[in-house]
Amino acid sequence: MNRDSIGVGLGDGLPGGPRPGRPARSPAGNPAYVLTEDTPVYVISVAAELSGLHPQTLRQYDRLGLVCPDRTAGRGRRYSARDIQQLREVQRLSQDEGINLAGIKRIIELENQVAALQSRITELADSLEGAASALQQREAAVHASYRRDLVPYQQVTQSSALVVWRPKR
């Protein structure tokens, strides 16, 4: 099996969701599960083969918190396509870059933090855009409610004119 073919067809183009396969409704109304790259489907032996690592290495990475697969009711590990990609990245950092496991764990934590912050920035930008749109709508409503017989006041800057005021009787 080609190691790079992991996840082909497994939720390609589908929006992400919670880690377990999220229930969806098929057109017939029967519950079906949508497979995403976060859906845990691979047992440890298959995940080991796909990632090119020994199953004991996967268990060690799980104990260290580098890659944390989902668990079945019987406590068996189930790996998702994203977990397989992360296992490959851990192996690359360790073997090619010479980074120790503690450093790799910190890198993964920082990458997760960056992703969370980018998500928050997007959320705040969308919220700001919505607030600006609402403000423009309210401003347009206020302008639409102006009386049309009012004349805007224009202040004369430097005038030498003399104005005499005479009250009406």
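Note that the structure is a prediction, hence the values are computed from the model and not measured.

A word on unusual backbone geometry
Move 1: For Arg75, which is not glycine, the phi dihedral falls at a positive 70 degrees.
Move 2: Here Arg75 shows up in the loop between strand E3 (70-71) and strand E4 (77-78).
Move 3: For Arg75, a relative accessible area of 57% corresponds to the exposed category.

What to know about the pattern of salt bridges
Move 1: Counted under the stated rule, the structure contains eight salt bridges.
Move 2: Among the ionic pairs, Asp62 bridges to Arg71, the shortest N-O distance being 2.8 Å.
Move 3: Since its relative accessible area comes to 33%, Arg71 is described here as partly exposed.
Move 4: Here Arg120 ties to Glu123 by a salt bridge, and the two come within 2.5 Å at their closest N and O atoms. Of the two residues, Arg120 and Glu123 both sit in helix H4 (residues 101-144), three residues apart, roughly one turn of that helix.
Move 5: Within this structure, Glu37, Asp38 and Arg82 form a network of salt bridges that share partners.

Some thoughts on the environment of Val43
Move 1: Within the element layout of this structure, Val43 appears in the loop between strand E2 (31-34) and helix H1 (44-51).
Move 2: Residue classification places Val43 among the partly exposed residues on the basis of a relative accessible area of 31%.
Move 3: Note: C-alpha distance between Val43 and Tyr79 (36 residues apart in sequence) is 6.3 Å.
Move 4: Those residues in contact with Val43 that lie beyond four places of it in its chain are Arg77, Arg78 and Tyr79.

As for the nonpolar core
Move 1: Leu58, Leu66, Tyr79, Ile84, Leu87 and Val90 are the most contacted members of the largest nonpolar core, which has 17 residues in total.
Move 2: With residues up to four places along the chain from it excluded, the contact list for Tyr79 reads Thr39, Pro40, Val41, Tyr42, Val43, Ile44, Ala47, Leu58, Val67, Pro69, Ile84 and Leu87.

Conventions and cut-offs
- Residues numbered from 1 in each chain as written.
- Predicted model: local features only at pLDDT ≥ 70, side-chain atom pairs only at ≥ 80, totals over all residues.
- Heavy atoms only, no water.
- Helix = DSSP H or I, 4+ residues; strand = E, 2+ residues; numbered from the N terminus.
- Buried < 20%, exposed > 50% of the residue type's maximum accessible area, 1.4 Å probe, protein only.
- Salt bridge = Lys/Arg side-chain N within 4 Å of Asp/Glu carboxyl O.
- Contact = heavy atoms within 4.5 Å.
- Core = buried A, V, L, I, M, F, W, Y, C linked by side-chain atoms within 4.5 Å.

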